[in-house]
Amino acid sequence: MNQIRVVLPPHLRTLARVSGEVQVRLEGNVTQRAILDALESQYPMLCGTIRDHVTHQRRPFLRFFACAEDWSHEGADAPLPDAIAAGAEPFLIVGAIAGG
Amino acid sequence: MSGVRVLVGTRKGAFILTADGKRGKWDVSGPHFAGWEIYHVKGSPADPNRIYASQSSGWFGQVLQVSDDGGKTWNAPGGDIKIGPEAMQAGKSNKFAYDTSEATGKPLTTHQWYDGTQHPWEFKRVWHLEPSHTDPETVYAGVEDAALFRSTDGAKSWHELPGLRGHGTGPKWQPGAGGMCLHTIILDRGNPGRIYIAISAAGAFRSDDSGKTWKPINKGLKSQFLPDPTVEVGHCVHHVAMHPTRPNTLFMQKHWDVMRTDNAGDEWREVSGNLPTDFGFVIDVHAHEPETVYVVPIKSDGEHFPLEGKLRVYRSRTGGNEWEPLTKGLPQRDCFVNVLRDAMAVDSLDSCGVYFGTTGGQVYASSDAGDNWAPIVRDLPPVLSVEVQTLR
C-alpha cells in the first residue's frame, strides 16, 4: 500500500474542504490514473474538475507535475517516479496562471 | 413576516441579498463560491430553503451546489467525502453527459459552427437552473452546448431530455457570441407537461409532453442577419418571460426586436413600439399585472450599453408597443453597463418589486413596480443573473 501525497490548487482545496496536502492510498502501480481515481473516490466533489467526466482528458488549464518534471503529456498509465510512490515527493496538480 | 431574498450570480461568486417586506434595508452575504463564475442561482418554489447554484470555471469545469437552509450552507450533491470500501461510489452532481444512445441521441453529434461547418457537441457549463414548481428534488438545467437536462434527485444525477436536440433541427443550431446556450426554461405551473425553452442562436421551442418531444416556435420572428430572415431556426433569442396566469402569452427579447405571442409561440408579433432601441437582453413581467412588461434597451449588438449613457428600464402597461422610460434613481449620465439576459426578476409582494443587476456590479431594486429605483449594492463583480424569492 502506497501513501501518496497530492497538492491541489486552492479552489479545489476549498471545494474538497481540505487544507494543505491530501493523501490517498494506492495499491499496485502508482500512475496518474490511479492517483486521480483514488482522489475522486475519496473526494467525489472533485469528479469532473481535474479531468473530463466522460473522456478522462485532463482539463486544458491544469497540469500535473512530479519531482519537478511536467507529466501532463505522459500516458495516464505510465509509472510515476519512486519518490511519488514512496511519499517522499507530492504529486502536484497545478492551475494555469490567471490574469493578463 | 414577509420578505425577499435576492439571489445574485456574478463572475466571481454568488451573493444573497435579503430584506423584509419593506425592502428598504438589505443584508448582503457572500461571496459564496468566491472566485468562481456563478451563472445562475435559483430557489425551489416548492421549498424556498432549497436553492440550486451553477458554479463553473475555465479551470475546473462545472459544479452544482445545493443549499437546504436558504443559502447559509452549501454542498455538492453526491460529493460527500467517502473513505473506505464504499469510496468508489463517486459523486455525480457535476456530470452532464449528452445522451448518445442509439435509441435517442446518437445521431446528434454535431451542430453548426460560426463558419457554417459542423462542430461536435461539447459540454461547457450550466447557464440556467429551473426548479420544479412542485418537487424540490426536481430541477432542469439549460446548458452550453445547448441541451436540456433534468435531475429528479436533487441534482445528484442528471439526464438529458434528448428529444430536444433530436427533433430534427439540431444540426442547424449555431452559437451566438456568448456560446450556444440554452438560457431560458419556463415551466407552466397549470400544465405540467408544457415546457418552453430558448436557445441562442436557434430560437424558442415548446414541449407539451414533459420534454419528450419538441417543436420550434419561431414563426413571426425576423432576423435580418440570417440569409433567410424568417427561417424556422437560427434566431438569436435573448430571453423569454411568461406570467403564470397567462401560459399562452410569452414576451421575448430577441437579439433585435421585442416580440409577443398569445398562442404559446405558434405565432409571434413585434411589440417594440416606441422603444428607443429594441436590442437588449432581459425581459420580465409584473407579478400581478400580466400586461405589464419590463425591458432594458441596449444601444446595439455592437455596443452593449444603454443609449446616451442613461440607464433606463422601459415599462409597458399595455403588453407592448407603448413603453415608458423609468429613470428615477437610475444613473442618467456616463453609464455604460450592460444588463445580461438572466439578470432581471420580480417579487410577488403586494407592491411588485423589480430587480436587475449590471455588468458594473450594481443590483438595483424598485419596490413600487419600477417607479423608483435604488441600488442594493454598487460594487459587486459583474452580475450574470438575478433571481428573487418572495418569503412569506
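Before any of the text, the structure's been laid out above.
Given the structure is predicted, the values throughout are model-derived calculations rather than measurements.

Chemist: Got a sec to walk through the overall build of chain A? Specific residues and values, please.
Modeler: The secondary structure content of chain A amounts to 3 helices and 5 strands. Starting at the N terminus and ending at the C terminus, chain A contains elements arranged as β-α-β-α-β-β-α-β. Over its C-alpha atoms, taken along the principal directions, chain A stretches across nearly 40 × 25 × 25 Å. Looking at chain A as a whole, 35% of its 100 residues are labelled buried.

Chemist: An account of the nonpolar core is needed here, citing residue identities and associated values.
Modeler: Considering soluble globular proteins, one finds that nonpolar side chains tend to be buried as a cluster. Core analysis: the largest hydrophobic core is formed by 138 residues, its most contacted members being Y355 and V363 of chain B. Setting aside residues up to four positions removed in sequence, V363 of chain B forms contacts with V6, V8, L17, Y355, G357, P375, I376, V377, L380, V383 and V386 of chain B.

Chemist: Break down the sheet that holds strand β6 (residues 61-67) of chain B for me, with residues and values.
Modeler: Residue and element names in this part refer to chain B. Read from one edge to the other, the open sheet built from 3 strands follows the order β4-β5-β6, with strand pairing classed as antiparallel. With one partner strand each, in any of the chains shown, β4 (37-43) and β6 form the two edges of the open sheet. Within the sheet, the average angular offset between the axes of one strand and its neighbour, ignoring direction, is 15°. In terms of strand pairing, strand β5 (residues 51-57) meets β6 through 7 bridges, oriented antiparallel. Among the inter-strand pairings, I51 is bridged to a residue of β6, identified as S67.

Chemist: Summarise helix α2 (residues 32-42) of chain A; cite the residues concerned and give the values.
Modeler: All names here are of chain A. Buried residues dominate α2, accounting for 9 of its 11 residues. For α2, the full list of buried residues reads Q32, A34, I35, L36, A38, L39, E40, S41 and Q42. On its buried face, α2 is in contact with β1 (2-7), β2 (22-26), β3 (62-66) and β5 (91-95).

Chemist: Go over the sheet that holds strand β28 (residues 374-377) of chain B, please, and point to the residues and values.
Modeler: All names here are of chain B. Taken in spatial order, the 4 strands of this open sheet run β25-β26-β27-β28, and their pairing is antiparallel. The outermost strands of the open sheet, each flanked by one partner alone, are β25 (344-346) and β28. Taken over all neighbouring pairs, the strand axes of this sheet differ in orientation by 25° on average, direction set aside. By the bridge criterion, 3 bridges tie β25 to strand β26 (residues 354-357) in an arrangement that is antiparallel. Residue V346 lies in a different strand from β26, and its bridge partner there is V354.

Chemist: I'd love a proper account of the interface of chain A and chain B, names of residues and values included.
Modeler: In this complex, chain A contributes 19 residues to the contact, which on the side of chain B involves 23 residues. Contributing elements (two or more residues each) for the side of chain A that touches chain B: α1 (10-16) and α2 of chain A. Residues belonging to the side of chain A that touches chain B are distributed by class as follows: 10 nonpolar, 7 polar and 2 charged.

Chemist: Please set out the pairing of strand β13 (residues 181-187) of chain B residue by residue, giving values where relevant.
Modeler: A regular strand carries its side chains on alternate faces of the sheet. Residue and element names in this part refer to chain B. Of all the 7 residues making up β13, 6 are buried; the element is thus mostly covered by neighbouring parts of the structure. By the bridge criterion, 6 bridges tie β13 to strand β14 (residues 195-200) in an arrangement that is antiparallel. Across the sheet, residue L187 finds its bridge partner in β14, namely I195.

Chemist: I'd love a proper account of the environment of A86 of chain A, names of residues and values included.
Modeler: Tracing the sequence through the fold places A86 of chain A in the loop between α3 (82-85) and β5. Here the alpha-carbon distance between A86 of chain A and L62 of chain A, two residues 24 residues apart in the chain, equals 24 Å.

Chemist: If you had to explain unusual backbone geometry to someone new, which residues and values would you point to?
Modeler: P31 of chain B follows G30 of chain B through a cis peptide bond whose omega is 5°. Mapped onto the elements, P31 of chain B comes out in strand β3 (residues 27-32). Cis rather than trans, the peptide bond between E144 of chain B and D145 of chain B has omega equal to -5°. Looking at where D145 of chain B falls in the secondary structure, it is placed in the loop between β10 (139-144) and β11 (147-151). At R17 of chain A, a residue that is not glycine, the phi angle is positive and equals roughly 60°. Positive phi values are uncommon outside glycine, yet E308 of chain B reaches one of about 60°. Here E308 of chain B is to be found in the loop between β22 (293-298) and β23 (313-316).

What counts and how
Residues numbered from 1 in each chain as written. Chains lettered and ligands numbered in written order. Predicted model: local features only at pLDDT ≥ 70, side-chain atom pairs only at ≥ 80, totals over all residues. Helix = DSSP H or I, 4+ residues; strand = E, 2+ residues; numbered from the N terminus. Buried ≥ 20, exposed ≤ 12 C-beta atoms within 10 Å, placed from the backbone. Core = buried A, V, L, I, M, F, W, Y, C linked by C-beta atoms within 7 Å. Contact = placed C-beta atoms within 7 Å. Pairing = 2+ DSSP bridges. Axes fitted to C-alpha atoms, helices over the stretch in contact; angles between N-to-C directions. Nonpolar A, V, L, I, M, F, W, Y, C, P; charged D, E, K, R; others polar.

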